[in-house]
There are 2 protein chains.
Amino acid sequence: MNGAESLVKSLIASGVDTCFTNPGTSEMHFVAALDHVPGMRSVLALFEGVATGAADGYWRMAGKPACTLLHLGPGLANGIANLHNAKKAHSGVVNIVGEHAETHRKLDAPLMSDIEGLARPVSHWVHSSLTAADVGADGARAVAAAQEAPGRIATLILPSDTAWTEGASVHTAPAPAARPAVDPAMLNRAAEALHGSETLLLLGGAALTAENLEKAGRIAAKTGCSLLSEWSNARLDRGAGRVIVNRVPYPIDMALQALRSFKQVVLLGARAPIGFFAYPGKPAVLTREDAEIIELAGAGDDLSGALDGLVAALDAGDASPKGMADRKLVPPPTGKTDANTIAQALAATIPANAIVVDESITTGRAFFPATAGAEPHTWLNNCGGSIGYGLPLAIGCAVACPDRKVLALVGDGSAMYTIQSLWTMARENLDITILILANQTYQILRGELTNVGVQNPGPRAIDMLSLDRPALDFVAMARGMGVPAVRVDEAGALTQAIEDALAAGGTNLIEVVV
Amino acid sequence: MNGAESLVKSLIASGVDTCFTNPGTSEMHFVAALDHVPGMRSVLALFEGVATGAADGYWRMAGKPACTLLHLGPGLANGIANLHNAKKAHSGVVNIVGEHAETHRKLDAPLMSDIEGLARPVSHWVHSSLTAADVGADGARAVAAAQEAPGRIATLILPSDTAWTEGASVHTAPAPAARPAVDPAMLNRAAEALHGSETLLLLGGAALTAENLEKAGRIAAKTGCSLLSEWSNARLDRGAGRVIVNRVPYPIDMALQALRSFKQVVLLGARAPIGFFAYPGKPAVLTREDAEIIELAGAGDDLSGALDGLVAALDAGDASPKGMADRKLVPPPTGKTDANTIAQALAATIPANAIVVDESITTGRAFFPATAGAEPHTWLNNCGGSIGYGLPLAIGCAVACPDRKVLALVGDGSAMYTIQSLWTMARENLDITILILANQTYQILRGELTNVGVQNPGPRAIDMLSLDRPALDFVAMARGMGVPAVRVDEAGALTQAIEDALAAGGTNLIEVVV
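This one's a predicted model, so the numbers in the text were calculated from it and none came from an experiment.

**Examining the packing of helix α13 (residues 339-349) of chain B against helix α21 (residues 491-504) of chain B**
Residues and elements named next belong to chain B.
Here comes step 1: One can describe the packing of α13 onto α21 by two numbers: an axis separation of 9 Å at closest approach and a directional angle of 35 degrees. Crossing of α13 over α21 shows right-handed handedness. For the pair α13 and α21, the contacting residues are Thr341, Ile342, Ala345, Leu346 and Thr349 in the first and Ala491, Leu494, Thr495, Ile498, Glu499 and Leu502 in the second.
Here comes step 2: When its residues are assigned to classes, the contact of α13 with α21 shows seven nonpolar, three polar and one charged.

Now the structure itself:
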């Protein structure tokens, strides 16, 4: 068995059965191994950022890593932005990056680059295989590293000679270790702190499953504390029958306002709130200066156990969860498509058990509150702030959950970073309904220009944030990549278009004029 | 004056007047400065790889650096693949990368990353400004670093507080130093070696201007030596009236064949030939084992002076250049569009003084020999091997040379990595005629699969290299980004379509069925 074969078999033996790839010459033996070793689904992307974003979405919904297969340093580089997002979302990913054979590296060939150097800023674990005999064990170690709670980025660099040389063997990653339990003393301290509306239980990560939110709802009912989540959540269950947890707002002034009443903040899988960016003359830490921050549990800890512990300590087991959302039937909206009518259309159409990938940026700020009473669904945010994550993420979600409908809500500017995603969606016939929110501008930057203190921006600055010259026609682009598409500018038509797309199944794109 | 303003003014004072950008919040003060400081042309890209590839093309044709403006680590990361190509092409580029304010970095905000770590593998010079007062001088130093011969990548990281704080000043980069002259003893040794057809003068970099090629042609006429260039050239003048210099072939067996007769190889701005990739059982060094390699001059040396010195030492000043191409009138081709008929169509239509950006990969191997007798033009290759360089490069060439026609020859697989380029072309109304060579496969990898020893690839391997499910419709995609487009599958229609596009001016795309 050669190294490439041992790697594919070791990945499969370790539970990794999905590969998002854009391969090149140095990865040809891995491609050949994928061909004759059964058990690995290979999903081709036309750009590496699609592959890495898909692996992020796959982890979030499958709860286990996919692998990516990337071509040398530049292939990895094209995937870095979405690996950054995956890292910040605590997603586990196994990157396999081809490298020149050892004899070739010293010659400084055109495609030679410092792959380890490129990998390190976005990886928790980086390793280059030295010989074919090592590859299987290295692959198993990469899977183990990716599965370390809460989820990590592991990058295995595979020189082509280690892939084609014989003498390799298959290894299996051990099962992930149990998440560490929280410290009982800290649990008691948190339980004592949680009393009244001036205390906040700030939730993140695995605390945001429907089951865990119900526990949080009981704690809120019993103690009167407030519940919030971070602005960006890797995965949040919500909708009818789930406890409503709002997010700390993104706009700095709104965030300061939302947090200023809290004297105690208990962190459960969340980090202490800070601004997304620094703004001149505004604080970076969003909680009040005298707030007591109690770090009950980090993202990798046993958050479910911590909530059980809090419920027990507070004797909240019989409390009726506070803030449980009722199913709210929304009349289909009419009128021009704007932030509010689009939000209503979503509230009316999000199907039960849907996965909503949210990269709706400015237009989408109205979507979240309006959809609290929609059918139960799972909402995914961008945790790393690098735009172009939405379409790739939707691919990974749909591959991980073929029985669930995926809705991708993506701003026009964001969509253009990784627009090649559409082709992979069509190729794999993934059940994804895409709303492109076309306001023809980097609208968020218009606001940020003011936020950083630039008053009265001139025509050249405005022009650098405008996408309307020429207008982007997403219907044409989608059709060019095999995805049926329509454009709507009226809310009733939007509602109908979403329903039609969901009923048709497969990938469909709706360009929504904003 | 704040730091951002001082940077824009220092760049302009140092001769940098073109900025390819995709900005974000942390770059808003720079955007504001671009607005009210006259003299910098700002070209917006929808993806950072477009901006960095454009900067590469700009340097190649303008001979001076452009700057890029990129948003934090992920924005830089999206530009790395084309910075890799630029670095390998010896292009000078000044990257300005926004960073969080110093107070914000320690908080590990969502967009926080190791920007210096990401920059280093693709940069010769990396620096983070510490205070607003430093920014102007840092900008001037970055320009000086980028202009160091033969051209270097300089990355300046600009924390947002250094951009918005007052107290900055304007600095100017010194003029680039003269390129070092070659060692006279080495010149004599090379002159002595160059005799007869078993000696090769291998040319690269600045040796490939029309003027320098004429000198090389005189040397070949006088000595009987052979002339070749590297496989990938940043810029090569050719066509009628220029000395024909063929490239060392890409396919390994053809390259070995082309080089095996040479007992002496004189390197003039070129590196000793090696394989693009390692292949099992095949040599990495392409020259024969007993070949004497004479490193006359590196890419950063005075290549023009070295050629003058050789001409003088060999008394070749009066020799008539060997291998001067005649204008060869090609009858317009007919029949299906394939590698040969497309090559004929190009030979018939390349306009005088055109810039040809070549990312035609497998289909294009016939183009180069067939166009040796076309109207005089300049031919640009990908020097780093990371695909997705062609469309961005064409932008930079067209911005640098508004009076020259640009032809971009791009494979369908390659085009999809940076397809967003089309929008910037349309927005800037750049005079670019694009041929998309649509063979609906990563054809080069089909061959490489065999080259690395994989016989009889199975259906899953073939499928991972196929782009025909669904078919990519470049006409629709181009129209979606504001670029007029047609599809042709017949050589006469192709010739007409190229002529129409050139006559119409502006950006036009032709999808060529292969």
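**Observations concerning the UniProt feature "domain: Thiamine pyrophosphate enzyme TPP-binding" (unreviewed entry) in chain A**
Here comes step 1: Under the feature "domain: Thiamine pyrophosphate enzyme TPP-binding" (unreviewed entry), the UniProt entry names residues 375-512 of chain A.
Here comes step 2: Helix makes up 41% of residues 375-512 of chain A and strand 19%, and the two end C-alpha atoms of the span are 22 Å apart.

**Comments concerning the interface of chain A and chain B**
Here comes step 1: Contact with chain A, which involves 95 residues of that partner, is made by 95 residues of chain B.
Here comes step 2: Between chain A and chain B, roughly 7800 Å² of surface is buried when both sides are summed, and carbon and sulfur atoms account for 65% of that area.
Here comes step 3: Among the residues of chain A in contact with chain B, Pro110, Arg427 and Met464 of chain A are the three that bury the most area, contributing 9% of the side total.
Here comes step 4: Linking chain A with chain B are six salt bridges.
Here comes step 5: Of the charged contacts, one joins Arg271 of chain B and Asp108 of chain A as a salt bridge, the two residues approaching to 4.0 Å between their closest N and O atoms.

**Observations regarding the pattern of salt bridges**
Residue and element names in this part refer to chain A.
Here comes step 1: Counted according to the given criterion, the structure contains 42 salt bridges over all chains.
Here comes step 2: The salt bridge partner of Asp56 is Arg60, with a shortest N-O separation of 2.9 Å. A residue pair is termed a helical-turn pair when its members lie 3 or 4 positions apart in one helix, as Asp56 and Arg60 do in helix α3 (residues 48-62) at four residues. Across the pair, exposure class does not vary: Asp56 and Arg60 are buried alike.

**A closer look at empty space enclosed by the protein**
Residue and element names in this part refer to chain A.
Here comes step 1: Taken as a whole, this structure holds six cavities of 30 Å³ or more when the rule is applied.
Here comes step 2: In this structure, the largest cavity encloses a volume near 70 Å³.
Here comes step 3: Lining the largest cavity are Leu213, Leu236, Asp237, Arg238, Gly239, Arg242, Val243, Ile244, Val245, Asn246, Phe368 and Ala372.
Here comes step 4: Here the element with the most residues in the lining of the largest cavity is strand β9 (residues 236-238); it accounts for three residues.
Here comes step 5: Class assignment for the residues of the lining of the largest cavity results in seven nonpolar, two polar and three charged.

**With respect to the packing of helix α3 (residues 48-62) of chain B against helix α4 (residues 72-88) of chain B**
To describe two helices that pack against each other, one gives the angle between their axes and the distance between the axes.
Residue and element names in this part refer to chain B.
Here comes step 1: Running from amino to carboxyl end, α3 crosses α4 at an angle of 30 degrees, the nearest separation of the two axes being 7 Å. As judged from the angle between their axes, α3 and α4 are roughly parallel. In this structure, α3 crosses over α4, and the sense of that crossing is right-handed. Note on element contacts: α4 touches α3 through Gly75, Asn78, Gly79, Asn82, Leu83, Asn85 and Ala86, opposite Glu48, Gly49, Thr52, Gly53 and Asp56.
Here comes step 2: Taken together, the residues that form the contact of α3 with α4 break down as two nonpolar, eight polar and two charged.

**Digging into the sheet that holds strand β15 (residues 406-411) of chain A**
All names here are of chain A.
Here comes step 1: Strands sit in the order β9-β14-β13-β15-β16-β18-β17 across an open sheet of seven strands; the sheet is mixed. Edge positions in the sheet fall to β9 and β17 (485-488), since each of these pairs with one other strand and no more. Across the sheet, the mean angle separating the axes of adjacent strands is 20 degrees when strand polarity is ignored.
Here comes step 2: Here six bridges tie strand β16 (residues 432-438) to strand β18 (residues 508-513), and the two strands are oriented parallel to one another. When the sheet's bridge partners are listed, Ala438 is paired in β18 with Val513.
Here comes step 3: Lying over the sheet, helix α13 (residues 339-349) contacts β15, β16 and β18, oriented at roughly 170 degrees with respect to β16.

**Considering the sheet that holds strand β4 (residues 93-99) of chain A**
All names here are of chain A.
Here comes step 1: Across the sheet, six strands lie side by side as β2-β1-β3-β4-β6-β5; this open sheet has parallel pairing. A single partner strand is all that each edge strand has here, and the edge strands are β2 (41-44) and β5 (125-128). Recorded for the sheet is a direction-independent mean angle of 20 degrees between the axes of neighbouring strands.
Here comes step 2: The sheet contact formed by β5 and strand β6 (residues 153-159) spans four bridges and is parallel. Paired with His127 across the bridge in β6 is Leu156.
Here comes step 3: Contacts from helix α4 (residues 72-88) reach β3 (67-70), β4 and β6 within the one sheet, and its direction differs from that of β4 by about 165 degrees.

About the cut-offs
Residues numbered from 1 in each chain as written. Chains lettered and ligands numbered in written order. Predicted model: local features only at pLDDT ≥ 70, side-chain atom pairs only at ≥ 80, totals over all residues. Heavy atoms only, no water. Axes fitted to C-alpha atoms, helices over the stretch in contact; angles between N-to-C directions. Helix = DSSP H or I, 4+ residues; strand = E, 2+ residues; numbered from the N terminus. Left-handed = near helix turned anticlockwise from the far one by under 90°. Contact = heavy atoms within 4.5 Å. Nonpolar A, V, L, I, M, F, W, Y, C, P; charged D, E, K, R; others polar. UniProt positions renumbered as here; feature names shortened; annotations may be inferred. Buried area = accessible area lost by both parts, 1.4 Å probe. Salt bridge = Lys/Arg side-chain N within 4 Å of Asp/Glu carboxyl O. Buried < 20%, exposed > 50% of the residue type's maximum accessible area, 1.4 Å probe, protein only. 1 Å grid on protein atoms, 1.4 Å probe; cavity = no way out; pocket = protein on both sides within 12 Å on 5 of 7 lines; lining within 4 Å. Points joined across faces, edges and corners; volume = space filled by probe spheres on them. Parallel < 35°, antiparallel > 145°, perpendicular 65-115°, else oblique. Pairing = 2+ DSSP bridges.

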